[in-house]
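Structural overview
Residues per chain, in single letters:
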Amino acid sequence: MVRTLRKGTTWHLRGPCYRLWSFWLLSLLSVQIFGEIARDTGGASDTVSLEGVFVFEPKGLEVHEHTRATFLPEVLRDLPRFEIEVVTNGMELIPANRRLVTTEHPQFDYIVSAGSVWAEGDEHWAGIPFTLIHRGVNCTHNGEFTFRYGDNSIAQPFVRVNQETCHFLKVDIQGSVDSFSYDPQPVANRDEIVEKYVVESNARLPVKSLEALEQEHGVSIATLKAALPPDDGLSILGVYYDGIHYSTECRTRSGPYRYCDQMLFTSFSTAKSTYPALVLMRMAQQYGMEVYQERITEVIPETQDSRGAWADVTLDNLGDMASGNFNVAAPMADPGPGNFYSDIDEAGKLSAALSWQHSAPPGSQFVYQTADTFTLVVGLNRFLSGEKGKPTDSFDYLVEEVFRPLNLSEELFASRRTRESGIPNTGSAFGGMGMWWNRDGIVRLSKFLSIDDGRVGDRQILHPDALAETLQKKDPPQGLPMNFFGNYYNNGMWALPVHQTRPDLFQCEVWVPFMSGLSGVRVMLFPNDTIIYFFNDTQSFPIYEAVDVANQLSPFCQE
């Protein structure tokens, strides 16, 4: 039997003054729930195990929009209906499903991550972190449910969302959850759920603070920090060096997020570097480097009747953003052809992507177009559909062939997709956006690329020559000039030749490959086996400050 509990009194406040007062009152309540409890987890050995299904239906919440672009509708006061099956493993509260859940809510889908239980005196408390995924623009908004519980019931559930990677939608959502239930019941595959999560957790890199990096290696990161937001505008900043992942805390507008390993950050265009680019490198290892020269007209017949000229365009050209079909030559304009950015099906999105005119020979000119990346994804899907025994969906192929061997988190195993037959998120993955990262996942994937040379143990996952070209390790370096601050682009990866842009600092040849994304997302893969990354939503992209930190750790130009 499902035991449903409802709070006996609900306050309905109206008007701007009352809304501000109620928001302040809820903030004080949330400080009690999210602050003091987070600092005191004593008595954890006396906690009561939780196993069963929670249902939360948050309605009538307090919403405070800090920033909202005019093209987005007002954030609703109701969140999606959450149905969460969980098991307890010690102090860990592990959801059975940690992948994207598509909802009927008009704005948000969600992902639930592993939380915790603890004792607070004679009371038992639990926290379940989650991430709202904005359906229209893919922004990630992180939050948490907290509640008090007994053997067969829960009480006082509170929800709070106050962190995002999204410069055009910054919003706080919080309040008591008046409609909720808990159905205690055995979970059939409990051992498998726990084992999978334990394996993932054990695969994480060891983490220390950034202060430890300065103390242990005698470097200063003050200049890099100064170039980034000093407050919650910076979600996280991290450095990987010599086997250790040094990281700031994960920030929210109310202080550190206690589930930092579970916080999800919007990928934006880092998806171009880590999805179709990796799929092509894996396909090259399995089927040979000739896959890069596969003509797009052979795998996508629709190109033959499109406006542009596609007969000589290859998968490689699309990965280089050099199809030669474009209307706007500005290198970083990234215009949306037709209704490309609308919530439509694959056929409609592909038709829009193919609507550009022919303007240059393929492979000759870089023009940043997310539409080209979607065309590439469709081409990869069509190619894989002819290979027996492999996933025919290129994102599923990425998960099975790369993410799973790396033991990345289950939360990363989904992507935003096209709307088929009116059902959202059921078609082709977007390719140029629509993904998300946690801090361990982006660092370990970067390490796999730049330090482990595309290997997992003794197994070569990515074609070494394709990877070397992508990371500018070939002589001469590969890629096209972007005509954008001295950067180059190849196979979905940016690269900065700092010896050209800053010859006063470097007398040797130094290429810095990196991934970049809207809002303030950057992951830099330095040639001295250092990785520096940050996620912010103030459009801050300091790179030379990061170059200085990496060069302090191990000079690029050795005498």
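Conventions and cut-offs
Residues numbered from 1 in each chain as written. Predicted model: local features only at pLDDT ≥ 70, side-chain atom pairs only at ≥ 80, totals over all residues. Heavy atoms only, no water. Disulfide = S-S within 2.5 Å. Helix = DSSP H or I, 4+ residues; strand = E, 2+ residues; numbered from the N terminus. Buried < 20%, exposed > 50% of the residue type's maximum accessible area, 1.4 Å probe, protein only. Pairing = 2+ DSSP bridges. Phe/Tyr/Trp six-rings, centres within 6.5 Å; stacked < 30°, edge-to-face > 60°. Lys NZ or Arg CZ within 6 Å of the ring centre and 35° of its normal. Core = buried A, V, L, I, M, F, W, Y, C linked by side-chain atoms within 4.5 Å. Contact = heavy atoms within 4.5 Å. Axes fitted to C-alpha atoms, helices over the stretch in contact; angles between N-to-C directions.

A look at the state of the cysteines
Under the definition given, this model contains 3 disulfides. The disulfide partner of Cys 250 is Cys 260, and the S-S distance across this bridge is 1.9 Å. Since a negative S-S torsion denotes a left-handed disulfide, the Cys 250-Cys 260 link at about 70° is right-handed. Here the residue Cys 250 occupies a position in the loop between strand E15 (244-247) and strand E16 (251-252), and Cys 260 occupies one in the loop between strand E17 (255-256) and strand E18 (265-266), the gap between them amounting to 10 residues. Relative accessible area serves as the criterion here: at 9%, Cys 260 is assigned to the buried category. The side chain of Cys 508 participates in a disulfide bridge whose partner is Cys 557; the two sulfur atoms lie 1.8 Å from each other. Here Cys 508 and Cys 557 share a disulfide; its torsion about the S-S bond, -85°, makes the bridge left-handed. With Cys 508 in the loop between helix H14 (498-501) and strand E25 (511-517) and Cys 557 in the segment after helix H15 (544-553), the pair connects residues that are 49 residues apart, well separated along the chain. Sequence-ordered numbering of the bonded cysteines in the protein chain gives a disulfide pattern of 1-2, 3-4, 5-6.

Let's talk about the pairing of E25
If a strand is regular, its side chains alternate between the two faces of the sheet. Burial runs high along E25: 7 of the 7 residues are buried. Of the two faces of E25, the one lined by Trp 511, Pro 513, Met 515 and Gly 517 and the one lined by Val 512, Phe 514 and Ser 516 are each fully buried. Pairing between strand E24 (residues 493-497) and E25: 4 bridges, direction antiparallel. Counted as the bridge partner of Ala 495 is Pro 513 from E25. One ladder, built from 4 bridges, connects E25 with strand E26 (residues 521-525); its direction is antiparallel. In the strand pairing of E26, Met 515 is matched with Val 523. Connecting the antiparallel pair E25 and E26 is a turn made up of 3 residues, with Ser 519 showing a positive phi of about 80°.

Here we look at the packing of aromatic side chains
All told, the structure shown has 32 aromatic pairs when counted by the stated rule. Ring-pair connections join several aromatic residues into one group, and the members of that group are Phe 54, Phe 56, Phe 82, Tyr 110, Phe 130, Phe 145, Phe 147, Tyr 149 and Tyr 182. The lysine or arginine in question, Arg 522, covers the ring of Trp 494, its NZ or CZ lying 5.9 Å from the ring centre.

Observations concerning the nonpolar core
Within the largest apolar cluster, 119 residues are counted, with the highest numbers of intra-cluster contacts made by Phe 56, Phe 82, Val 402 and Phe 403. Per element, the largest residue contribution to this core is 8 residues, and it comes from helix H10 (residues 370-384). Those residues in contact with Phe 82, other than ones at most four positions away along the chain, are Phe 54, Val 55, Phe 56, Pro 58, Tyr 110, Val 112, Phe 130, Leu 132 and Phe 145. In this structure, Leu 213, Val 239, Tyr 246 and Val 549 belong to the second largest nonpolar core, which totals 38 residues.

Brief notes about the sheet that holds E24
Note on sheets: strands pair through backbone hydrogen bonds, and any given pair is parallel or antiparallel. Strand order in the open sheet formed by 9 strands is E13-E15-E14-E27-E26-E25-E24-E23-E22, with mixed pairing between adjacent strands. Only two strands of the sheet have a single partner each, and these edge strands are strand E13 (207-209) and strand E22 (480-481). Summarising the sheet, E26 and strand E27 (residues 531-536) pair through 5 bridges and their orientation is antiparallel. The partner of Arg 522 across the bridge, within E27, is Phe 534. Strands E13, strand E14 (234-241), E15, E24, E25, E26 and E27 of the sheet are contacted by helix H12 (residues 439-450), whose axis makes an angle of about 145° with E27. Docked against the sheet, H15 engages E14, E24, E26 and E27, running at close to 150° with respect to E27.

Bear in mind that shape data such as this cannot, by itself, settle questions of function.
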